[in-house]
Amino acid sequence: MESDFKERMNEALLKLKEEIINNLISENDSFKSLVEDMDPKDVVDIAADDIDRKMLETVSAQDIKRLKLIDAALSRIQNNRYGVCMKCGKKIPEERLEAIPYALMCISCKTSDERMNR
């Protein structure tokens, strides 16, 4: 996978993460007060730190899942494993990664996985 594509995806993932954190800050007074009480940091770094229990209580389950997926994708970029299906090991098409930058599986494996979980 080309390094410029990985760079673009890294930036997209960081932007997504920042958007989630900013939405949480604007929609949730408890989360906002927790963030304001922390040492001044970049908003993205706040989520990168292991989010403590108090913060997790204020975040919806869906947002927690997305933040974890984003962090995992950022880690895979650093470890040169980004864009590889976690199930079959094949390359995930760039179009899929552009649509869902934190995708873990190729479309066929994801579809198969969803059918099994119904």
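Provided above is the structure to which this section pertains.
Residues numbered from 1 in each chain as written. Predicted model: local features only at pLDDT ≥ 70, side-chain atom pairs only at ≥ 80, totals over all residues. Heavy atoms only, no water.

(A) Quick peek at a negative patch on the surface. A grouping of Glu2, Asp4, Glu7 and Glu11 is seen on the molecular surface, where their side chains present a negatively charged patch. Along the chain, glutamate 2 turns up in the segment before helix H1 (3-27). (Patch = residues over 30% accessible without salt bridge, like charges linked within 9 Å, V, L, I, M, F, W, Y side chains within 5 Å. Areas by Shrake-Rupley, 256 points an atom, 1.4 Å probe, with all protein chains shown as cover. Salt bridge = Lys/Arg side-chain N within 4 Å of Asp/Glu carboxyl O. Lys, Arg positive; Asp, Glu negative; His and termini not counted. Charge placed at Lys NZ, Arg CZ, Asp CG, Glu CD. Helix = DSSP H or I, 4+ residues; strand = E, 2+ residues; numbered from the N terminus.)

(B) Region of interest: the pattern of salt bridges. The final tally for this structure, using the stated rule, is two salt bridges. Salt-bridge contacts for glutamate 98 lead to arginine 8; the nearest nitrogen and oxygen are separated by 3.1 Å. Here arginine 8 lies in helix H1 and glutamate 98 lies in helix H6 (residues 94-99), a separation of 90 residues in the sequence. A salt bridge links lysine 17 to aspartate 71; its shortest N-O distance comes to 2.3 Å. With lysine 17 in helix H1 and aspartate 71 in helix H5 (residues 61-78), this pair connects stretches of sequence that are 54 residues apart. Residue class for lysine 17 comes out buried when judged on its relative accessible area of 2%. (Buried < 20%, exposed > 50% of the residue type's maximum accessible area, 1.4 Å probe, protein only.)

(C) Layout of the nonpolar core. Ranked by size, the top nonpolar core spans 23 residues in total, and within it Met9, Leu13, Ile70, Tyr82, Cys85, Leu97 and Tyr102 carry the most contacts. Counting only elements with at least two residues in this core, the list comes to H1 and H5. It is H1 that provides the largest number of residues to this core, a total of eight residues. Beyond its immediate chain neighbours, meaning those up to four positions away, isoleucine 70 contacts Leu13, Leu16, Lys17, Ile20 and Tyr102. (Core = buried A, V, L, I, M, F, W, Y, C linked by side-chain atoms within 4.5 Å. Contact = heavy atoms within 4.5 Å.)

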